[in-house]
Amino acid sequence: MIGVVVNKSLILRSSPEFDFYDSSSFSGKLGFLLKMPSASFNSLPGGPQVRSSFSAPIQAMEGSRTTSSFVNDKVDSFPTDFHQSCCNSDDNFTGNDGKDTLKTSTVGNSTNILWHKCSVEKSDRQELLQQKGCVIWITGLSGSGKSTLACALCRGLHARGKLTYILDGDNVRHGLNRDLSFKAEDRAENIRRIGEVAKLFADAGVICIASLISPYRKDRDACRALLPEGAFIEVFMDVPLQVCEARDPKGLYKLARAGKIKGFTGIDDPYEPPLKSEIVLQQEVGLCDSAEDLAEIVITYLDEKGYLEP
Ligand SMILES: Nc1ncnc2c1ncn2[C@@H]1O[C@H](COP(=O)(O)OS(=O)(=O)O)[C@@H](OP(=O)(O)O)[C@H]1O
Ligand SMILES: Nc1ncnc2c1ncn2[C@@H]1O[C@H](COP(=O)(O)OP(=O)(O)O)[C@@H](O)[C@H]1O
C-alpha cells in the first residue's frame with residue numbers, strides 16, 4: 001500500500017519550478033543549467049510523467065559548492081535550523097581578496113566543517129510521503145509494553161499508508177550501540193545516538209518510533225530539544241513495576257531479583273517518569289488495554305496534530 005501511495009505522489013507531483021525544459025526557472029538558482037537530452041528521460045520507467053519528478057535531485061547536485069576557508073565559528077549548541085542559518089545567507093561568505101569562500105564551523109570535536117544544503121527539502125519529502133516527519137518516543141520500564149506498542153503503531157500507520165520506522169533500544173544495541181553497556185553514561189549515549197538517528201528519520205519525512213527505556217529525564221529532554229516544536233511526541237508507558245515484573249517475558253526481573261543482573265532498571269537502577277509527556281498510557285493490575293487500542297490513541301493524536309498529512 002505504501003508503495004502505491006508513494007508512487008502515486010511521485011507520478012502526480014510535478015512542480016513547474018523544477019521543470020527541466022524551462023531554463024528560466026533554473027537560471028536564478030543555479031550556477032549552470034544541466035542539459036540532458038529528452039530521449040534519456042523518455043527511456044526512464046514511467047515515461048514522461050515520472051520524468052519531471054526526477055529533476056529536483058539533479059538540481060540539488062548542481063547546488064554543490066566545495067570551496068572553504070578556515071574561519072572557524074565555534075558552535076556550542078547545535079540549533080535545529082543550523083543548516084539554514086549557515087547556508088542561506090551571504091554572511092556565510094568571507095574573503096577580502098575578491099575570492100568567494102565559505103565560513104566553516106567547529107561542532108564538538110569536528111573542526112572546519114560546513115553544512116551542505118540540498119534543494120530537495122524536508123517539505124518536499126513530506127509532500128511525497130503525504131505525512132509529516134516526527135518522533136514518537138516511547139519510554140517506560142522493561143516489560144511495560146514499549147516494543148509491542150511500537151509494532152502495533154507501525155502496523156496501524158502502515159495500514160493507513162504512512163511510512164514509519166522503529167528504533168527499538170534492544171535492536172539498536174545489536175548494531176550501532178553494541179559498544180554500550182547499561183551504566184548511566186552508556187545509557188545516556190544510547191539515548192543521545194538514538195535521538196540523533198530519530199531526528200534524521202524525522203527529517204526524511206518518516207514517522208520514527210523510538211522505543212527504549214530511556215530512564216533519565218535529562219536525556220529524553222535533550223532528544224526533544226533536537227526536534228522542531230511539537231515534533232517530539234513522548235509516550236509514557238505508565239505501568240506499575242508489579243505488572244512489568246509479573247510479565248517478565250525474558251526472565252530478566254527474576255535474574256535481577258536474584259542479584260544475577262546488576263543495575264536493572266526499576267530494581268536497583270532508577271527510572272525517572274516523565275513530568276509532562278504528550279501521551280500517558282496508564283495500565284493497572286488486571287486492567288490493560290490491548291496494544292491495538294493503545295496504538296489507536298497515539299494515531300488519533302497524530303491525526304489531530306496534523307502529522308498524517310503533509
Ligand atoms: N540492566 C538493565 N536494565 C534494563 N534493561 C536491561 C538491562 N540489561 C539488559 N536489559 C535489556 O535491555 C533492554 C533495554 O535497552 P534500552 O536500550 O531500551 O535501555 S536504555 O534506554 O539504555 O536504558 C531491555 O529491553 P526492554 O525489556 O525491551 O525494555 C532489557 O531486555
Ligand atoms: N497492552 C498489553 N497488554 C497486555 N500485555 C502486554 C501489552 N503490551 C505488551 N504486553 C506483554 O508484555 C510483555 C512485555 O512487552 P514488551 O513490548 O516486550 O515490553 P518492553 O518493550 O517495554 O520490554 C510481553 O510479553 C507482551 O506480550
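For the structure, check the block above.
Computed from a predicted structure; not experimentally measured. (Residues numbered from 1 in each chain as written. Chains lettered and ligands numbered in written order. Predicted model: local features only at pLDDT ≥ 70, side-chain atom pairs only at ≥ 80, totals over all residues. Heavy atoms only, no water.)

1. Things to note about the site of ligand 1
Reasoning step 1: Around ligand 1, the structure places 18 residues, and the nearest of them are Ser142, Arg173, Arg187, Asn190 and Lys250.
Reasoning step 2: One of the backbone N or O atoms of Ile213 is found 3.0 Å from an oxygen atom in ligand 1.
Reasoning step 3: In isolation ligand 1 exposes 620 Å². Once the protein is present, 92% of that is buried.
Reasoning step 4: Looking at the shell around ligand 1, the elements with two or more residues in it are α9 (169–172) and α10 (184–203). (Near = heavy atom within 4 Å. Polar contact = N/O pair within 3.5 Å; in protein donor to acceptor, adjacent residues only side chain to side chain. Areas by Shrake-Rupley, 256 points an atom, 1.4 Å probe, with all protein chains shown as cover. Helix = DSSP H or I, 4+ residues; strand = E, 2+ residues; numbered from the N terminus.)

2. Observations regarding unusual backbone geometry
Reasoning step 1: Not every positive phi belongs to a glycine, and Asn112 is a case in point at roughly 55°.
Reasoning step 2: By the secondary structure assignment, Asn112 is in strand β5 (residues 110–113).
Reasoning step 3: Phi is positive for Gln130, which is not a glycine, with a value near 60°.
Reasoning step 4: Among the secondary structure elements, Gln130 is positioned in the loop between α7 (122–129) and β6 (134–139).

3. Digging into the packing of aromatic side chains
Reasoning step 1: Tallied over the entire structure, the rule returns 4 aromatic pairs.
Reasoning step 2: Aromatic side chains Tyr253 and Phe264 sit 5.0 Å apart centroid to centroid with 75° between the ring planes, which places their arrangement in the edge-to-face category. In this pair, Tyr253 sits in helix α13 (residues 252–257) while Phe264 sits in the loop between α13 and β10 (279–282), placing the two residues 11 residues apart along the sequence.
Reasoning step 3: Judged by its relative accessible area of 2%, Tyr253 falls in the buried class. (Phe/Tyr/Trp six-rings, centres within 6.5 Å; stacked < 30°, edge-to-face > 60°. Buried < 20%, exposed > 50% of the residue type's maximum accessible area, 1.4 Å probe, protein only.)

4. A look at helix α8 (residues 146–159)
Reasoning step 1: Along its 14 residues, α8 runs 20 Å from first to last C-alpha, staying within 8% of the 20 Å computed at 1.5 Å per residue.
Reasoning step 2: Of all the positions in α8, only Lys146, Leu149, Ala150, Ala152, Leu153, Gly156 and Leu157 are classed as buried. Projected down its long axis, α8 carries its buried residues within an arc of 165°, all on one side.
Reasoning step 3: Along its buried surface, α8 packs onto β6, β7 (164–168), β8 (207–211), β9 (232–238), β10 and α14 (291–304). (Expected span 1.5 Å × (residues − 1). Arc of directions from axis to C-beta. Contact = heavy atoms within 4.5 Å.)

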